[in-house]
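Structural overview for review
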Amino acid sequence: MRCGQRVTRQTPRITATAIRADCDKKAPCSAVALATGYNAGMPDFPTLLVVGAGDVARRALPRLTGRYRVLVVHRRAEQATMWRALGALPIHADLDDRASLERLAGLADCVLYTAPPDESASGDSRVARLANVLKRRASIPRRIVYISTSGVYGDRHGAPTPETAPCRPDSARGMRRLTAERLWRQFARQTGASVTILRAPGIYAGDRLPLARLRAGTPCAIASEDTPANRIHADDLALLCVAALERRGGIRCYNVCDDSQLATGEWLDAIADRYRLARPPRLPHAELATAVSPAQWSFLRESRLLLNARMHAELAVALRHPTLDAFLASADATIELVADAAAG
């Protein structure tokens, strides 16, 4: 069966009210209820399980609800109302609680996994727990899409980096994501599922810009030590997730980034100029390492130039924001409001 394609199920439907009451509780949801649909009269779409109730998943949802019966895993009660209003069925579960994950087994035809690893662990125990639950039932998801990070490549000293480049992470962040990739690869080999790995660099959007950093005067590298970097707009990453769910067959990795090749300082300067903020001060690496937080330094010290030809050729998504200039041009009205507020 192809994800996104209607399927025929013989199990009788039950009411949406009963399913919602069942799934808002911390007891396991009824697999029959979830498998048969949570909205009377809705098309019999395949079921998509979204794990990671965050910004990218929210942006993808409008393009998913017309193709899938969407279930969203959440662990905070206040999230349930929002996801239900957006057309998804919220399911209470905690990736750090194996028992709560049992309710997810056997429910989904496809999985979109956007959740981050547990930063206190050396690997990714969250993916390990979920994968073990999902493969124990007769009904196993046939498509997995996982958002990873370009940090799995480690520091490439600005070298062009295709998906075939060796993965040599030199940060705990990159190692945790590489561990997760390997767990999903293992899942694919054991179950025959298709696994698509999206290696994303820094994610930005109109409400995810480094304006606070610019206002704080946080420094970046001097031009002679700055190197090209990659980014992706959150809306474009959401579109790529939707396209990746349609991919079938085996395991495939994609560098998912826009077409810009701006160094970090150039990128920050362009945003500062457009928002009428001071450009960030520049420091040599030797001084920068102690002038910024360890987390910021872990990003700044790594350099690679992602190649995205495979993404364009195979996922065939027309990016809404292929460059920073394209984003800034499309966001002109909003930018003026923010800039005026900051000036006033």
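Look up: the structure comes first, before these words.
Residues numbered from 1 in each chain as written. Predicted model: local features only at pLDDT ≥ 70, side-chain atom pairs only at ≥ 80, totals over all residues. Heavy atoms only, no water.

**As for the overall build of the protein chain**
Heads up, the rule is: Secondary structure elements are taken from DSSP: a helix is a run of H or I of four residues or more, a strand is a run of E of two residues or more, and numbering for both begins at the N terminus. Classification of residues uses two cut-offs on accessible area relative to the type maximum, computed with a 1.4 Å probe and protein chains only: under 20% is buried, over 50% is exposed, and between them is partly exposed. The contact criterion used is simple: two residues touch if any of their non-hydrogen atoms lie within 4.5 Å. Accessible surface area values rest on a Shrake-Rupley calculation with a 1.4 Å probe, where residue burial reflects the displayed protein chains alone.
The secondary structure content of the protein chain amounts to 15 helices and 13 strands. Looking at the 344 residues of the protein chain, the share that counts as buried comes to 52%. Counted over contacts in the protein chain with a minimum sequence separation of 6, partners at least 24 positions apart contribute 77%. Carbon and sulfur atoms provide 53% of the accessible area of the protein chain, an area that totals close to 14,700 Å².

**Quick look at the pairing of strand β2 (residues 69-74)**
To keep things clear, this is the line we draw: With the strands pointing away from the viewer, any crossover whose connection runs clockwise from the first strand over the helix to the second is right-handed. A pair of strands is treated as paired once DSSP finds two or more bridges between them.
Most of β2 is tucked away: 6 of the 6 residues are buried. The alternating pattern of β2 places R69, L71 and V73 on one face and V70, V72 and H74 on the opposite face, and all of these are buried. After leaving strand β1 (residues 47-51), the chain enters helix α3 (residues 55-64) and then returns to the sheet as β2, a path that is right-handed. When β2 meets strand β3 (residues 89-92), the two strands line up parallel, connected through 4 bridges.

**Let's talk about the environment of R59**
We count it as follows: N or O atoms within 3.5 Å of each other form a polar contact, as long as, within protein, one can give a hydrogen and the other can take it, and as long as residues adjacent in sequence are counted only when both atoms are side-chain atoms.
As for its position among the elements, R59 is in helix α3. Between the alpha carbons of R59 and A234 there is a distance of 7.6 Å; along the sequence they are 175 residues apart. Excluding residues within four positions of it along the chain, R59 makes contact with A205, D207, H233, A234, D235 and A238. Reaching out from R59, the side chain makes a polar contact with the side chain of D207 at a distance of 3.1 Å.

**A short note on the side chain of N255**
Tracing the chain through its elements places N255 in strand β11 (residues 251-255). When neighbours within four sequence positions are excluded, N255 is seen to be in contact with Y153, T161, P162, E163, R199, L306, L307, N308 and M311.

**A look at helix α6 (residues 125-134)**
The periodicity of an α-helix, 3.6 residues per turn, causes residues three or four places apart in sequence to face the same way. The buried count for α6 comes to 7 of 10 residues, which makes it a mostly enclosed element. Within α6, burial applies to R126, V127, R129, L130, A131, V133 and L134. Close packing links the buried residues of α6 with β1, α5 (98-101), β4 (110-113) and α7 (172-191). One side-chain oxygen of the residue at the start of α6 lies 3.1 Å from the amide nitrogen of R126, identifying that residue as D124.

**Considering the packing of aromatic side chains**
Under the convention used in this document: Each Phe, Tyr or Trp ring, with Trp reduced to its six-membered ring, pairs with another whose centre is within 6.5 Å; inter-plane angles below 30 degrees give stacked pairs, above 60 give edge-to-face pairs, and intermediate values give tilted ones. Distance and angle both matter: a charge sits over a ring if NZ of Lys or CZ of Arg is within 6 Å of the ring centre and within 35 degrees of the ring normal.
Scanning the model with the defined rule gives 5 aromatic pairs in all. Centroid distance Y204 to W267: 5.6 Å. Interplanar angle 75°. Geometry classified as edge-to-face. With Y204 in strand β8 (residues 202-204) and W267 in helix α10 (residues 264-274), this residue pair connects regions lying 63 residues apart in the sequence. W267 gets classed as buried once you look at its relative accessible area, which sits at 8%. A relative accessible area of 1% means that Y204 is categorised as buried. Taken together through their ring pairs, the aromatic side chains of Y113, Y146, W184 and F187 make up a single cluster. Stacked on the ring of W267, the Lys or Arg R231 has its end atom at 4.4 Å from the ring centre.

From the geometry alone we can't say anything about function, so treat these as descriptive.
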